[in-house]
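Descriptive structure summary
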Amino acid sequence: MRVELDVPKCVASGQCVMAAPDVFDQRDDDGVAILLSERPGEELLDDVREAVAVCPAAAIRLVER
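Below you will find a few notes about this structure.

Moving on, we get to the nonpolar core. Across soluble globular proteins, you tend to see nonpolar side chains buried next to one another. One finds Cys16, Val23, Phe24, Ala51 and Ile60 to be the most contacted residues of the largest nonpolar core, which totals 18 residues. For this core, the secondary-structure elements that each account for two or more residues are β1 (2-5), α1 (15-19) and α2 (45-54). Top element by residues in this core is α1. It accounts for three residues. If near-sequence neighbours (up to four positions away) are discounted, Cys16 is found in contact with Pro21, Phe24, Ala33, Ala51 and Ile60.

If you want it as C-alpha cells, here you go:
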C-alpha cells in the first residue's frame, strides 16, 4: 500500500500527525503536512487509515497496489 498526500488541499489541522506520527509531520513555517513514509509498514496501516478518516480536508489517500 502507498500513502498519497495532496499538499495543496492540506489545511494544517495536524490530525494526521496525531493519528500517525511515524508517517506524517508538519512543516514548521505553516503547519502543512509532510509525508515521512510513502510506504509504511503493515504495523502502521491502522494509524494511516485513522489519519485518512480524520483529515478534515480529505487530503490523504491510501492506495492499494
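On to the pattern of salt bridges, then. All chains considered together, the criterion is met by four salt bridges. The salt bridge involving Arg27 is made with Asp30; its shortest N-O contact spans 2.6 Å. Accessibility expressed as a relative area gives 33% for Arg27, which makes it partly exposed. On the basis of relative accessible area, Asp30 is assigned to the partly exposed category, the value being 37%. One connected set of salt bridges, linked through shared partners, spans Arg2, Glu4 and Arg61.

Thresholds applied
Residues numbered from 1 in each chain as written. Predicted model: local features only at pLDDT ≥ 70, side-chain atom pairs only at ≥ 80, totals over all residues. Heavy atoms only, no water. Core = buried A, V, L, I, M, F, W, Y, C linked by side-chain atoms within 4.5 Å. Buried < 20%, exposed > 50% of the residue type's maximum accessible area, 1.4 Å probe, protein only. Helix = DSSP H or I, 4+ residues; strand = E, 2+ residues; numbered from the N terminus. Contact = heavy atoms within 4.5 Å. Salt bridge = Lys/Arg side-chain N within 4 Å of Asp/Glu carboxyl O.

Keep in mind these values describe shape, not function.
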